[in-house]
Amino acid sequence: DTGVSQDPRHKITKRGQNVTFRCDPISEHNRLYWYRQTLGQGPEFLTYFQNEAQLEKSRLLSDRFSAERPKGSFSTLEIQRTEQGDSAMYLCASSQQGLSPMRKLFFGSGTQLSVL
Amino acid sequence: AQSVSQHNHHVILSEAASLELGCNYSYGGTVNLFWYVQYPGQHLQLLLKYFSGDPLVKGIKGFEAEFIKSKFSFNLRKPSVQWSDTAEYFCAVEYGNKLVFGAGTILRVKS
């Protein structure tokens, strides 16, 4: 179990630039989740995949956000035309589909985005 | 929509003091409940979970939580905290295919 890996750990960008984050889940996990966490708040759900299918998106996920999981393994989260309000920690988590995937949900260390 | 409330955002305790962190959720149906912990510089880790059965759930590192359905609560407790318990603690409820988290409680234990 190598854990959930996220890259990069930190990203500083200027307002208006596009950024892309990568998440590598635990290898046998077919569910992958993206969350966003801002200072003083708990993680907020953005979207999740089962294999390569994106099954749910939060209303928090504006049109500037897009997530993919093309081969059902790693996932990318892209933010276009970043805004200062996008500054947050972006967390990825993975689990195995089953009776309750939440039983064993593993989080990565996150990507801290700062938009200047 | 489901929501989770954590009563205190910051808690400061001395070592060996007892800990209780409050958590209330809004959903009235069958719930699966969780406490996660995030130590400084580390990722979120599962502390304990409740799915069914005994409402008193024991987790890692001496933590326990009690599910009280009538009060929509799932409070976290530890009889005697250690300096190493300094962390942020999140209560969460499973809702649909995701977890809904509270805002977190930052615990600082003074040695």
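Structure shown above.
Below or above, wherever it landed, is the structure these notes cover. Please read these numbers as outputs of a predicted model, since none were measured by experiment.

Definitions and cut-offs
Residues numbered from 1 in each chain as written. Chains lettered and ligands numbered in written order. Predicted model: local features only at pLDDT ≥ 70, side-chain atom pairs only at ≥ 80, totals over all residues. Heavy atoms only, no water. Helix = DSSP H or I, 4+ residues; strand = E, 2+ residues; numbered from the N terminus. Rg over C-alpha atoms; globule rule 2.2 N^0.38 Å. Buried < 20%, exposed > 50% of the residue type's maximum accessible area, 1.4 Å probe, protein only. Contact = heavy atoms within 4.5 Å. Areas by Shrake-Rupley, 256 points an atom, 1.4 Å probe, with all protein chains shown as cover. Lys, Arg positive; Asp, Glu negative; His and termini not counted. Charge placed at Lys NZ, Arg CZ, Asp CG, Glu CD. Disulfide = S-S within 2.5 Å. Phe/Tyr/Trp six-rings, centres within 6.5 Å; stacked < 30°, edge-to-face > 60°. Buried area = accessible area lost by both parts, 1.4 Å probe. Salt bridge = Lys/Arg side-chain N within 4 Å of Asp/Glu carboxyl O. Polar contact = N/O pair within 3.5 Å; in protein donor to acceptor, adjacent residues only side chain to side chain.

## Describing the overall build of chain A
Okay, so step 1: Secondary structure summary: chain A contains 0 helices and 11 strands in total.
Okay, so step 2: Mapped in sequence order, the helices and strands of chain A form the string β-β-β-β-β-β-β-β-β-β-β.
Okay, so step 3: At 13 Å, chain A has a C-alpha radius of gyration in line with the 13 Å of a compact globule built from 116 residues.
Okay, so step 4: In terms of overall dimensions, chain A has C-alpha extents of about 40 × 25 × 25 Å along its principal axes.
Okay, so step 5: Counting every position in chain A, which comprises 116 residues, the buried fraction comes to 48%.
Okay, so step 6: A separation of at least 24 residues holds for 53% of the contacts in chain A among residues at least 6 apart in sequence.
Okay, so step 7: Split by element, the accessible area of chain A, about 6000 Å² in all, is 44% carbon and sulfur.
Okay, so step 8: Side chains of chain A carry 15 positive and 12 negative charges; the gap between the two charge centres is 2 Å.

## Some thoughts on the state of the cysteines
Covalent bonding between the sulfur atoms of two cysteines is what defines a disulfide.
Okay, so step 1: Taken as a whole and assessed by the stated rule, the structure comprises 2 disulfides over all chains.
Okay, so step 2: Between the sulfur of C23 of chain A and that of C92 of chain A lies a disulfide, 1.8 Å long from S to S. As the torsion about the S-S bond is roughly -70°, the C23 of chain A-C92 of chain A disulfide counts as left-handed. Linking C23 of chain A in strand β3 (residues 19-24) with C92 of chain A in strand β9 (residues 88-95), this pair joins segments that are 69 residues apart in sequence.
Okay, so step 3: When its relative accessible area of 0% is taken as the criterion, C23 of chain A is described as buried.
Okay, so step 4: Residue class for C92 of chain A comes out buried when judged on its relative accessible area of 0%.
Okay, so step 5: Each sulfur in the disulfide pair C23 of chain B and C91 of chain B lies 1.9 Å from the other. With the S-S dihedral at roughly -65°, the linkage between C23 of chain B and C91 of chain B falls on the left-handed side.

## Regarding the packing of aromatic side chains
Okay, so step 1: Counted by the stated rule, this structure contains 18 aromatic pairs over all chains.
Okay, so step 2: Measuring from ring centre to ring centre gives 6.1 Å for F107 of chain A and F101 of chain B, while their planes differ by 75°; the resulting arrangement is edge-to-face. Taken together, the residues span two chains, with F107 of chain A in strand β10 (residues 106-107) and F101 of chain B in strand β11 (residues 98-101).
Okay, so step 3: Owing to a relative accessible area of 4%, F107 of chain A belongs among the buried residues under this scheme.
Okay, so step 4: Taking the centre distance of 5.6 Å and the plane angle of 85° together, the rings of F34 of chain B and F51 of chain B count as edge-to-face. One end of the pair, F34 of chain B, is in strand β5 (residues 33-38); the other, F51 of chain B, is in the loop between β6 (45-50) and β7 (56-58), with 17 residues separating them in the sequence.
Okay, so step 5: Using a relative accessible area of 13% as the deciding quantity, one classes F51 of chain B as buried.

## Some points on the interface of chain A and chain B
Okay, so step 1: Listed per partner, the contact involves 19 residues of chain A and 18 residues of chain B.
Okay, so step 2: Both faces combined, the contact of chain A with chain B buries some 1600 Å², and carbon together with sulfur accounts for 55% of it.
Okay, so step 3: For the chain A face of the interface with chain B, the top three residues by lost area are M102, R103 and F107 of chain A, together amounting to 35%.
Okay, so step 4: The tally of links from chain A across to chain B stands at 1 salt bridge.
Okay, so step 5: Of the charged contacts in the structure, one is a salt bridge between K98 of chain B and E56 of chain A, with a shortest N-O distance of 2.8 Å.
Okay, so step 6: Taken together, chain A and chain B are joined by 5 residue pairs in polar contact (both at pLDDT 80 or more).
Okay, so step 7: Elements supplying a minimum of two residues to the side of chain A that touches chain B: β4 (31-37) and β5 (44-50) of chain A.

## Digging into unusual backbone geometry
All names here are of chain A.
Okay, so step 1: Backbone torsion omega between D7 and P8 reads -5°, so that peptide bond is classified as cis.
Okay, so step 2: Note on placement: P8 falls in the loop between β1 (5-7) and β2 (10-13).
Okay, so step 3: Non-glycine residue R81 carries a positive phi angle of around 45°.
Okay, so step 4: With respect to the secondary-structure elements, R81 resides in the loop between β8 (75-79) and β9.
Okay, so step 5: The class for R81 is partly exposed, based on a relative accessible area of 47%.

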